[in-house]
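Architecture and fold: a report
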Amino acid sequence: MDSGSWHLELPYDLWVTLPVSGARPSPRYKHAAAVFDQKLCIVGGSRNGRFLSDVQVFDLRSLAWSNLRLETELDADKTEDSGLLEVLPPMSDHCMVKWGTKLLILGGHSKKSSDSMIVRFIDLETNLCGVMETSGKVPVARGGHSVTLVGSRLIIFGGEDRSRKLLNDVHFLDLETMTWDAVEVTQTPPAPRYDHSAALHTNRYLLVFGGCSHSIFFNDLHVLDLQTNEWSQPEIKGDLVTGRAGHAGITIDENWYIVGGGDNNNGCQETIVLNMTKLAWSILTSVKGRNPLASEGLCVCSAIIEGEHHLVAFGGYNGKYNNEVFVMRLKPRDIPRPKIFQSPAAAAAAASVTAAYALAKSEKLDIPKTLSSKFAGIGNDLSEKDVRTDIDAIKEDKRVLELSLAEVRTENSRFREKIDEVNSTHSELSKELSSVQGQLVAERSRCFKLEAQIAELQKMLESLQTIENEVQILRRQKSAFEQEMERATSVQTQGSGGVWRWIAGGQ
């Protein structure tokens, strides 16, 4: 593969392993990644229980890795007060976003964690790194959360804190003022989770997919309206997706691409796509076997190469830590036009109205010339008054059709209300089903405990039966002993009586 034109040799919508020249970074997972200037930047991660702090850069033009050496700007007073001896300590489960010429790193797990979330930065122009001062309602420190850029704000959702408590709170960070704020949401939020993914749609909706608790792997999709701060769980169409955590996601236009993830037993081999406008899942492609793309804790980014969108994936763990670079050349897709909800009757009425408008415009034209060819078979003796009468009739027909169209639109509105009501009922039933499933899981756990207790009681009963048998034997032995004692006593009594009689006779 030619390093200069390698992207032209790629097939569409298929993952391909890129050849790498030179040394590679160490395999890892739960790192963070971002693309800038056709370069993939990897920060931190974890391997064999050890946190990493290196910054590695993969050049998508030369297909070579390099180590980014950072310069640290330390303020001694702040360092001593906060107890942070390293500006970029070894970490994993953190998030990273590109903001201007900086990479912002938020949260993550580290051996020297803080009680509240820390925001670090890497300046891509100067290679300077440091800690950014923030104010306001700073969220608790966490890892496995999601961070989404919305204009000049970051949205943080969920994660797991230092005590392994699962979270489902929402916070905003204003990047212009570096001020935190907690979001008061309404309706039912997603269950607390970590290692999920989040995406932004039309700069208004935050979508949250998957993740896990300490026992459940989710495949649900939740939507937060950023204007009303209201959570909802819409009905999803398309292919059925399995529960997963530790996956990676990236949005391009209206499509949300999800790669990898798993449930601690099996990795997810399919790359799935959510059309965020239609809310429909589809499977784009799949890999086979223990492929590094079917891993937990991998990363995926998007890059534009020669005007074409590409997905770039790195790292992950599927029983083995990985450090390969994969790329997918995305097939160009047409940008869909908005669709108007309308019945066939409404469409027919609209077409009729359009035709009527077209005819009505004819009164602005040269009527004799326009109508001469149309009425040539009848004759050329039609008066202008007759033509205007016909046009008035057409206008009346147009008015009637407009009224019909208004009625059809009203009917459509009623249909929409009914559909919304059905969707709401379905959503409530889904939530109830989820609750019942959770109760069943709890009942199963309780049944398992009861079965274990019953088994222990049975063992105790068996031991009691053995003890009872021993008691019966002892009772029989006691009875036999008492009988022997009675016989011995009787013999002794008889012997004593003969002596006393002999003494009495002698006197």
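What counts, and at which threshold
- Residues numbered from 1 in each chain as written.
- Predicted model: local features only at pLDDT ≥ 70, side-chain atom pairs only at ≥ 80, totals over all residues.
- Heavy atoms only, no water.
- Helix = DSSP H or I, 4+ residues; strand = E, 2+ residues; numbered from the N terminus.
- Buried < 20%, exposed > 50% of the residue type's maximum accessible area, 1.4 Å probe, protein only.
- Contact = heavy atoms within 4.5 Å.
- Areas by Shrake-Rupley, 256 points an atom, 1.4 Å probe, with all protein chains shown as cover.
- Phe/Tyr/Trp six-rings, centres within 6.5 Å; stacked < 30°, edge-to-face > 60°.
- Pairing = 2+ DSSP bridges.
- Axes fitted to C-alpha atoms, helices over the stretch in contact; angles between N-to-C directions.
- Core = buried A, V, L, I, M, F, W, Y, C linked by side-chain atoms within 4.5 Å.
- Patch = residues over 30% accessible without salt bridge, like charges linked within 9 Å, V, L, I, M, F, W, Y side chains within 5 Å.
- Salt bridge = Lys/Arg side-chain N within 4 Å of Asp/Glu carboxyl O.
- pLDDT = per-residue confidence, 0-100.
- Disulfide = S-S within 2.5 Å.
- Polar contact = N/O pair within 3.5 Å; in protein donor to acceptor, adjacent residues only side chain to side chain.

From N to C terminus, the protein includes 4 helices and 27 strands. The 507 residues of the protein split such that 39% are buried. Nonlocal contacts in the protein, meaning residues at least 24 apart in sequence, comprise 55% of its contacts between residues at least 6 apart. For the protein, the accessible area works out to roughly 29,500 Å², and carbon and sulfur atoms hold 52% of it.

Attention now moves to the packing of aromatic side chains. Scanning all chains against the criterion turns up 7 aromatic pairs. Ring plane angle 65 degrees and centroid distance 5.6 Å describe the contact between Tyr-29 and Tyr-321, whose orientation is recorded as edge-to-face. Of this pair, Tyr-29 sits in the loop between strand E1 (15–17) and strand E2 (32–36) while Tyr-321 sits in the loop between strand E26 (308–314) and strand E27 (325–329); the two residues are 292 residues apart in sequence, bridging distant segments of the chain. A relative accessible area of 19% places Tyr-321 in the buried class. Pairing Phe-209 with Trp-281 gives two aromatic rings, centres 4.9 Å apart and planes at 55 degrees, and the pair type is tilted.

By the bridge criterion, 7 bridges tie strand E13 (residues 153–160) to strand E14 (residues 166–174) in an arrangement that is antiparallel. Bridged to Gly-159 within E14 is Leu-167. Between E13 and E14, which follow one another and run antiparallel, lie 5 residues, and Arg-164 among them has a positive phi close to 70 degrees. Alignment of E14 against strand E15 (residues 179–182), held across 4 bridges, turns out to be antiparallel. By the bridge assignment for E15, Leu-173 is matched with Trp-180. Counting the residues between successive antiparallel strands, the hairpin from E14 to E15 contains 4 residues, one of them, Met-178, with a positive phi of roughly 55 degrees.

Another aspect to go through is the sheet that holds strand E16 (residues 197–201). Read across the open sheet, the 4 strands follow the order E16-E17-E18-E19; overall the sheet is antiparallel. Strands at the two margins of the open sheet, each flanked by one partner only, are E16 and strand E19 (230–232). For this sheet the average axis-to-axis angle between neighbouring strands, irrespective of direction, equals 25 degrees. When strand E17 (residues 205–209) meets strand E18 (residues 221–225), the two strands line up antiparallel, connected through 5 bridges. In the strand pairing of E18, Leu-207 is matched with Val-223.

This next bit is on the environment of Leu-274. Counting through the fold element by element, Leu-274 comes out in strand E23 (residues 270–275). Considering only alpha carbons, one finds Leu-274 and Tyr-257, 17 residues apart in sequence, at a separation of 6.6 Å. Contacts of Leu-274, omitting those with residues within four sequence positions, involve Leu-207, Leu-221, Glu-254, Asn-255, Trp-256, Leu-279, Ala-280 and Trp-281.

Take the pairing of strand E10 (residues 128–132) next. Bridge count for strand E6 (residues 71–72) against E10 is 2 bridges, and the pairing is parallel. Across the sheet, residue Thr-72 finds its bridge partner in E10, namely Cys-129. Inspection of the sheet shows strand E9 (residues 119–123) paired to E10 by 4 bridges, in the antiparallel sense. Bridge pairing in E10 places Arg-120 opposite Val-131.

For the rest of this paragraph, the subject is the nonpolar core. Among the nonpolar cores identified, the biggest contains 20 residues, and Trp-6, Leu-40 and Phe-58 are the most heavily contacted of them. The set of elements that each furnish at least two residues to this core consists of strand E3 (39–47), strand E25 (299–305), E26 and E27. Broken down by element, the residue count for this core peaks at 4 residues, all from E25.

Unusually for a residue other than glycine, Gln-187 sits at a positive phi of about 65 degrees. A residue is classified by how much of its surface remains accessible, and Gln-187, at 52% relative accessible area, is exposed. With phi around 55 degrees, Asn-229 is a residue other than glycine that occupies positive phi space. For Asn-229, the position within the fold is in the loop between E18 and E19.

With that settled, consider a nonpolar patch on the surface. A cluster of nonpolar side chains, namely Leu-461, Leu-464, Ile-467 and Val-471, defines an oily patch on the protein surface of about 350 Å² accessible area. Within the fold, Val-471 resides in helix H4 (residues 384–506).

Across the protein, the average pLDDT comes to 85, with 83% of residues at 70 or higher. When the criterion is pLDDT under 50, residues 337–382 qualifies, and its contacts beyond four places in sequence or with other chains add up to 32 contacts.

A sheet is described by the order of its strands in space; here 5 strands give the open sequence E11-E15-E14-E13-E12, paired in mixed fashion. The outermost strands of the open sheet, each flanked by one partner alone, are strand E11 (135–136) and strand E12 (146–150).

Attention now moves to the pattern of salt bridges. Throughout the structure, instances matching the rule amount to 15 salt bridges. Salt-bridge contacts for Arg-164 lead to Glu-160; the nearest nitrogen and oxygen are separated by 3.2 Å. Taking the relative accessible area as the measure of exposure, Glu-160 reaches 8% and is therefore buried. Arg-446 is the salt-bridge partner of Glu-443, the closest N and O atoms lying 2.9 Å from each other. Of this pair, Glu-443 and Arg-446 both sit in helix H4, 3 residues apart, roughly one helical turn. Among the residues examined, Arg-446 registers a relative accessible area of 46% and is labelled partly exposed.

Right, let's talk about the state of the cysteines for a bit. All chains considered together, the criterion is met by 0 disulfides. Sulfur of Cys-301: no disulfide; nearest cysteine sulfur belongs to Cys-299 and is 5.4 Å away.

This part is about the side chain of Arg-244. Within the secondary structure layout, Arg-244 lies in the loop between strand E20 (237–238) and strand E21 (248–252). Classification of Arg-244 by relative accessible area gives buried; the value is 0%. Within the local environment of Arg-244, its side chain forms a polar contact with the side chain of Glu-270, the two groups lying 2.9 Å apart. Setting aside residues no more than four positions away along its own chain, Arg-244 makes contact with Phe-209, Gly-210, Gly-211, Phe-217, Phe-218, Ile-258, Gly-260, Gly-261, Gly-262, Cys-268, Glu-270 and Ile-272.

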